[in-house]
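A structural walkthrough
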Amino acid sequence: MFMRGKDLDVDLRSTSDGAHAQALMQGGGKTQVPCLRIEQADGEIEWMYESDDIIRYLSQ
């Protein structure tokens with residue numbers, strides 16, 4: 001999915017798929033959506049759950 005007005009390719013996944021829900025739980029500790037998984041240049045993974053934070057991050 002491309003964000004409207006932004007050239008960002010965002011992979012959309014559903015928690016109704018058990019594998020995706022499990023990945024969320026293992027990685028971020030909860031199955032809350034929306035969730036943005038951010039892989040930093042140093043390989044560190046950050047999980048962002050708050051909609052306003054995700055929008056602000058993607059707008060940068």
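Anything mentioned here points back to the structure above.
Before going into details, it helps to say that this report is about the structure given with it. (Residues numbered from 1 in each chain as written. Predicted model: local features only at pLDDT ≥ 70, side-chain atom pairs only at ≥ 80, totals over all residues. Heavy atoms only, no water.)

Some details on the layout of surface pockets
- Approximately 850 Å³ is the volume attributed to the largest pocket.
- Taken together, 25 residues line the largest pocket, and the ones lying closest to its centre are Val10, Asp11, Cys35, Leu36 and Arg37.
- Among the elements of the structure, helix H1 (18-28), strand S1 (36-39) and helix H2 (51-59) are those that each provide at least two residues to the lining of the largest pocket.
- Considering every element that reaches the lining of the largest pocket, the biggest residue donor is H2, with 5 residues.
- Along the lines of polarity and charge, the residues of the lining of the largest pocket split into 17 nonpolar, 4 polar and 4 charged. (1 Å grid on protein atoms, 1.4 Å probe; cavity = no way out; pocket = protein on both sides within 12 Å on 5 of 7 lines; lining within 4 Å. Points joined across faces, edges and corners; volume = space filled by probe spheres on them. Helix = DSSP H or I, 4+ residues; strand = E, 2+ residues; numbered from the N terminus. Nonpolar A, V, L, I, M, F, W, Y, C, P; charged D, E, K, R; others polar.)

Some remarks on the pairing of strand S2 (residues 45-48)
- Across 4 bridges, S1 lies against S2 in antiparallel orientation. Paired with Glu39 across the two strands is Ile45, which belongs to S2.
- Hairpin connection from S1 to S2: 5 residues lie between these consecutive antiparallel strands, with Gly43 at a positive phi of about 90 degrees. (Pairing = 2+ DSSP bridges.)

Treat this as a map of the structure, not an account of what it does.
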